[in-house]
2 protein chains.
Amino acid sequence: MSKPTPLSGFPEFLPAQRVVEQHVVTTLAATFELHGFANVETRAVEPMDQLLRKGETSKEVYVLRRLQEEDTSRDKGIGLHFDLTVPFARYVLENAGKLEFPFRRYQIQKVWRGERPQEGRFREFLQADIDIVGRDELPFHHDIEVTRVMLDALGKLADPDSIGLPGFRLQVNNRKLIQGFYLGIGATDVDEVMRLVDKLDKLSPEQVASQLVAEAGLTPEQAEQCLALAAIRSIDDSFVKEVRALGVDHPLLDEGLDELAQLLRGTVGLATDKVRIEADLSIARGLDYYTGTVFETRLDGYESLGSICSGGRYDALASDGRTTYPGVGISLGVSRVLVPLIQRGVVTGDRSVPSAVLVALADEDSRPRADEVATALRARGIPCEVAPSAAKFGKQIRHADRRGIPYVWFTSVDTDGPAADSITHEVKDIRSGNQVPADPATWEPPAGDLRPTIKVSTSSTNETETVQ
Amino acid sequence: MSKPTPLSGFPEFLPAQRVVEQHVVTTLAATFELHGFANVETRAVEPMDQLLRKGETSKEVYVLRRLQEEDTSRDKGIGLHFDLTVPFARYVLENAGKLEFPFRRYQIQKVWRGERPQEGRFREFLQADIDIVGRDELPFHHDIEVTRVMLDALGKLADPDSIGLPGFRLQVNNRKLIQGFYLGIGATDVDEVMRLVDKLDKLSPEQVASQLVAEAGLTPEQAEQCLALAAIRSIDDSFVKEVRALGVDHPLLDEGLDELAQLLRGTVGLATDKVRIEADLSIARGLDYYTGTVFETRLDGYESLGSICSGGRYDALASDGRTTYPGVGISLGVSRVLVPLIQRGVVTGDRSVPSAVLVALADEDSRPRADEVATALRARGIPCEVAPSAAKFGKQIRHADRRGIPYVWFTSVDTDGPAADSITHEVKDIRSGNQVPADPATWEPPAGDLRPTIKVSTSSTNETETVQ
């Protein structure tokens, strides 16, 4: 077999890079669990009729066929899930009798889309979703709750003492607010207005204004009002006054303003330098099926990636005809954030192996003694490995160095003299060259050396700093 | 949408059941890392020509097709991986220049096979693989190493103080030993003899003997010798003497006997009551491509599942024509072990949520104060959730009880008297009913209550005991 080439759109990491993804997944899971979210994994496949239920052909579903299947027409078949929302909605309906509501779950899994690969878009990628789903009803305070949870999680990802990713800007809006506003100015095709306003991240305000007139039947004055609304931003509830100043009235607008203001007030004090939250009245999530709160998130310095963490409120996440399950949730595109950062070398692990210690080998016969040292270290939670061969010590130290292993352990047996057969242990920090006597039953590396850590290169200066 | 029904062969867990799988995966990952194994994840798909390279049509590959793809004949396409060995071999070749050898990796991922679903067989299942791969050569001590690592991992899964699964019996053999033996007795079609002897777990010795005569061209005496070899078992290296007593000589037999004896000696002291290791000279892994050590594992009380943890030595795990990468590894069928145990209720989590505490709510207006309590607890690593509504306290306690949350936190504000506006905190252990004053900045639950634990029901007595 000749050397294989990567498959476009299916990113994979080298071991030191995978360390970053592991840290991120572990941090997200721990944060979600602190907030009481239970973990769920769903199968990778769903029936095709579920995957295409909302006419979602834009998601480019991968259809599965068994190699030895002759008759492919028997049923509509199965395909790989393209998000974690469709499978979760199905899981809730399938297990509704066995779940307790409101049900908080997080789910961190790969999803697949047969899209044309491009920057920030992949055919296989990792998503981390949180959702809260109720039976029949789900009070609005849960919208505030998921926002707080995701702010907490993003804060840990951006914290230089944790992962040290770039900062995040969480943008929130409310569908009731914008739909109520459009109704209030007299628009008739509200969905079309929303779809066109959603193009503001690609088109100029003038272009959107003329499309609003040409395609949504608005007057130029109405179009101006829509653009004025979409231009409003605030980091607190002061957007309410700005919207009111536009002089539009509608009960749905009132409801949306109240909800969004509650959400901003409910997250006071949680924003940091690196994780901000703002009301952005241009956010609409036009193609999705949200009914209230909507979220988008930008990664600082990587705005061209688009939203890397999105979601909102669904008044009917799932329904079996008799019972409706409203939900609110956010989905973080883990691969969408990490693949560009890792591929550009902005973040990486400082080791390609988990080992903190390489136990050196004086000769092959002493391997059992080296294994004993390793077993003693592992019993106290210190990852280590024994040298693969009894090469010269200089070569064994280089072996550790190439993998980023900080310590090499030496064991020697006195062969004669008064201390014959006594064993001497020493451990060398190969970064400083410092070598000291050590006891395998008690020695511990500093906590910062126990596990691989993440190296973040500060892109502005190209300096590299190491954080835990 | 009506209530969906499960897809046969695609097992999914309820949240309390998923706790068990999470514990198992976390335990395996931590153990593998203690032994210096780096984590790798490969994409779910491989090119079809790779998947079918060894004529592996028996694995029933799932072929992928993009829904909107018109011309499906352009290339041979891609399919879902059916194990983690084929993708790992490809990953090693693709990244050989960037990896350090010997390369130890673990990989815990789903794999897919379009087989007819039956007990212990699934279409989607989780595997946990460890492999060590060398460049050009890989000394035999790595065979001993992977055995030690898997014994350590299985020991933790079976340990009543960890997960508490049933015990495991790891059976080892060596292909050189049996092939050398068959050559030594004068067999000409060694592979066919191995394939037939491998049927001993399904057929009687008499049936296998007559097939050896009829299909592999052995004399009845040669067939008897093969069965005598396959009947040998030992928990130490005493099997060597038993094989020698059969009076067969061959250099390859000598090599195999020496390797297998080394392996048994190299694991002395690691076996426990619940995890045993034995030389079992009937093990052949007939359909796989091993060249030395071979492993199989039985789960105590679930022998009908067959081997739940298998592997061995490949002298050519991968090759690009110029360089060969020998490997040795073992693959644990996580789903194959857990799905039957979980479905029968032998193991489950004791909570359906991670929360150790439910912060109760006196009225909806006090939600911000309850959020503050929750934030203080989370800051010290205590998972918790705030009650969804200010229902009667009895109802809030039942809410906690139904989820298995052990503690309910009550906050009250004195509205008059000398202590007006002072806040009183109390926490109730709802199992004992014991309620005590507590400070959100310092209170901690006992360590055993912090996270969900695993409940193991002792099948013989149907008693249920809770372990961490």
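Quick notes on the rules
Residues numbered from 1 in each chain as written. Chains lettered and ligands numbered in written order. Predicted model: local features only at pLDDT ≥ 70, side-chain atom pairs only at ≥ 80, totals over all residues. Heavy atoms only, no water. UniProt positions renumbered as here; feature names shortened; annotations may be inferred. Phe/Tyr/Trp six-rings, centres within 6.5 Å; stacked < 30°, edge-to-face > 60°. Helix = DSSP H or I, 4+ residues; strand = E, 2+ residues; numbered from the N terminus. Buried < 20%, exposed > 50% of the residue type's maximum accessible area, 1.4 Å probe, protein only. Lys NZ or Arg CZ within 6 Å of the ring centre and 35° of its normal. Polar contact = N/O pair within 3.5 Å; in protein donor to acceptor, adjacent residues only side chain to side chain. Contact = heavy atoms within 4.5 Å. Least-squares fit on C-alpha atoms with pLDDT ≥ 70 in both. Pairing = 2+ DSSP bridges. Axes fitted to C-alpha atoms, helices over the stretch in contact; angles between N-to-C directions. Parallel < 35°, antiparallel > 145°, perpendicular 65-115°, else oblique. Left-handed = near helix turned anticlockwise from the far one by under 90°. Nonpolar A, V, L, I, M, F, W, Y, C, P; charged D, E, K, R; others polar. Salt bridge = Lys/Arg side-chain N within 4 Å of Asp/Glu carboxyl O.

Chain A is annotated in an unreviewed UniProt entry as Histidine--tRNA ligase of Nocardioides immobilis. Turning to chain A, the UniProt annotation filed under Catalytic activity (unreviewed entry) states: "tRNA(His) + L-histidine + ATP = L-histidyl-tRNA(His) + AMP + diphosphate + H(+)". We quote the UniProt Sequence similarities (unreviewed entry) comment for chain A here in full: "Belongs to the class-II aminoacyl-tRNA synthetase family."

## Some points on the packing of aromatic side chains
A full pass over the atoms with the stated rule returns 17 aromatic pairs over all chains. Ring plane angle 70° and centroid distance 4.9 Å describe the contact between F393 of chain A and F410 of chain A, whose orientation is recorded as edge-to-face. With F393 of chain A in helix 13 (residues 393–403) and F410 of chain A in strand 16 (residues 407–413), the pair connects residues that are 17 residues apart, well separated along the chain. Judged by relative accessible area, F410 of chain A falls into the buried class, the value being 11%. Among the aromatic side chains, those forming a connected cluster through ring pairs are Y407, W409 and W443 of chain A. Stacked on the ring of F88 of chain A, the Lys or Arg R105 of chain A has its end atom at 3.8 Å from the ring centre. One Lys or Arg, R431 of chain B, reaches over the ring of Y407 of chain B and ends 5.4 Å from the middle of that ring.

## Some words on the UniProt feature "binding site: L-histidine" (unreviewed entry) in chain A
All names here are of chain A. When the UniProt feature table is mapped onto this chain numbering, "binding site: L-histidine" (unreviewed entry) sits at D83, L84, T85, R113, Q127, D131, R285, Y289 and Y290. Here R113 shows up in the loop between strand 5 (103–112) and strand 6 (124–133). The class for R113 is buried, based on a relative accessible area of 13%. A polar side-chain atom of R113 sits 2.9 Å from the main-chain carbonyl oxygen of F82. Mapped onto the secondary structure, R285 falls in the loop between strand 9 (275–280) and strand 10 (293–299). With residues near it in sequence (within four places) discarded, R285 still touches R175, D198, Y290, V294, F295, E296, S307, S310 and G311.

## Re the relation of the copies chain B and chain A
When chain B is fitted onto chain A, the two copies agree to an RMSD of 0.0 Å after a turn of 180° and an axial shift of 0.0 Å. The superposition operator between the copies reduces to a two-fold rotation axis. No C-alpha of chain B lies nearer the rotation axis than that of L64 of chain B, which sits 2.5 Å from it. A shared binding surface is used by both copies, with 100% of the interface residues of chain B retained as interface residues in chain A.

## Here we look at helix 6 (residues 190–197) of chain A
Note that an α-helix has 3.6 residues per turn; residues three or four places apart therefore point the same way. Among the eight residues that make up helix 6 of chain A, six are buried, leaving the element largely enclosed by the rest of the structure. Regarding helix 6 of chain A, the residues found buried are V190, E192, V193, M194, L196 and V197 of chain A.

## Structural notes on the sheet that holds strand 18 (residues 435–437) of chain B
Residues and elements named next belong to chain B. Strand order in the open sheet formed by five strands is 15-14-16-17-18, with mixed pairing between adjacent strands. Each edge of the sheet is formed by a strand with only one pairing partner; in this case those strands are strand 15 (384–386) and strand 18. On average, adjacent strands in this sheet sit at an angle of 25° to one another, irrespective of strand direction. Packing of helix 13 (residues 393–403) onto the sheet brings it into contact with strand 14 (357–359), strand 15, strand 16 (407–413) and strand 17 (423–429), and relative to strand 16 it is tilted by some 155°.

## Remarks on the pairing of strand 7 (residues 168–174) of chain B
All names here are of chain B. Buried residues dominate strand 7, accounting for six of its seven residues. Judged from the five bridges that link them, strand 7 and strand 9 (residues 275–280) form a sheet pairing that is parallel. Bridge pairing in strand 9 links R169 to R276. As judged from the seven bridges shared by strand 7 and strand 10 (residues 293–299), these two strands associate in the antiparallel manner. Across the sheet, Q171 pairs through a bridge with E296, a residue of strand 10.

## With respect to the sheet that holds strand 14 (residues 357–359) of chain A
Residues and elements named next belong to chain A. Read from one edge to the other, the open sheet built from five strands follows the order 15-14-16-17-18, with strand pairing classed as mixed. The sheet terminates laterally at strand 15 (384–386) and strand 18 (434–437), the two strands that pair on one side only. Recorded for the sheet is a direction-independent mean angle of 25° between the axes of neighbouring strands. Sheet contacts for helix 12 (residues 367–379): strand 14, strand 15, strand 16 and strand 17 (423–429); angle to strand 15, the most-contacted strand, approximately 175°.

## Details of the packing of helix 5 (residues 175–184) of chain B against helix 10 (residues 251–265) of chain B
All names here are of chain B. Interaxial distance between helix 5 and helix 10 falls to 7 Å at its minimum, and their mutual angle equals 155°. The angle between helix 5 and helix 10 places the two elements in the roughly antiparallel class. In terms of crossing hand, the pair formed by helix 5 and helix 10 is left-handed. Along its contact with helix 5, which presents K176, L177, Q179, G180, F181 and L183, the element helix 10 presents L252, L253, E255, G256, L257, E259 and L260. Looking at side-chain class alone, the contact of helix 5 with helix 10 contains seven nonpolar, three polar and three charged residues.

## Considerations on the pairing of strand 12 (residues 324–333) of chain B
Working note: regular strand, side chains alternate between the two faces of the sheet. All names here are of chain B. Among the ten residues of strand 12, nine are classified as buried, and the element is accordingly described as predominantly covered. Here strand 6 (residues 124–133) pairs with strand 12 via seven bridges, running antiparallel. Across the sheet, residue Q127 finds its bridge partner in strand 12, namely G333. Pairing of strand 11 (residues 309–319) with strand 12, which is carried by eight bridges, proceeds in the antiparallel orientation. Bridging across to strand 12, G311 finds its partner in I330. Taking the residues that link successive antiparallel strands as the turn, the strand 11-strand 12 hairpin has four residues, and the phi of G321 there is positive, at about 100°.

## Some remarks on helix 3 (residues 85–95) of chain B
By the criterion of burial, helix 3 of chain B is predominantly enclosed, with eleven of the eleven residues buried. Along helix 3 of chain B, the positions that sit buried rather than exposed are T85, V86, P87, F88, A89, R90, Y91, V92, L93, E94 and N95 of chain B.

## Describing the environment of L260 of chain B
Along the chain, L260 of chain B falls in helix 10. When the C-alpha atoms of L260 of chain B and E215 of chain B are compared, they prove to be 29 Å apart, with 45 residues separating the residues in sequence.

## Some remarks on the interface of chain B and chain A
Every contact between the two is made by 89 residues of chain B and, on the other side, 89 residues of chain A. For the interface between chain B and chain A, the tally reads 13 salt bridges. Counting residues per element, the side of chain B that touches chain A draws most heavily on strand 5 (residues 103–112) of chain B, at six residues. A per-class count over the side of chain B that touches chain A returns 38 nonpolar, 23 polar and 28 charged. By the bridge criterion, five bridges tie strand 3 (residues 62–66) of chain A to strand 3 (residues 62–66) of chain B in an arrangement that is antiparallel. Directly across from Y62 of chain A, in strand 3 of chain B, lies its bridge partner R66 of chain B.

## What to know about the pattern of salt bridges
Residues and elements named next belong to chain B. This model, assessed by the stated rule, comprises 61 salt bridges over all chains. In this structure, the salt-bridge partner of R195 is E192, at a minimum N-O distance of 2.9 Å. In this pair, R195 and E192 both sit in helix 6 (residues 190–197), three residues apart, roughly one turn of the helix. A relative accessible area of 33% means that R195 is categorised as partly exposed. Under the relative-accessibility criterion, E192 is labelled buried at 16%. Here D254 makes a salt bridge to R244, at a shortest N to O gap of 3.0 Å. With D254 in helix 10 and R244 in helix 9 (residues 239–244), this pair connects stretches of sequence that are ten residues apart. Overall, D254 belongs to the partly exposed group, its relative accessible area being 33%. The class for R244 is partly exposed, based on a relative accessible area of 37%.

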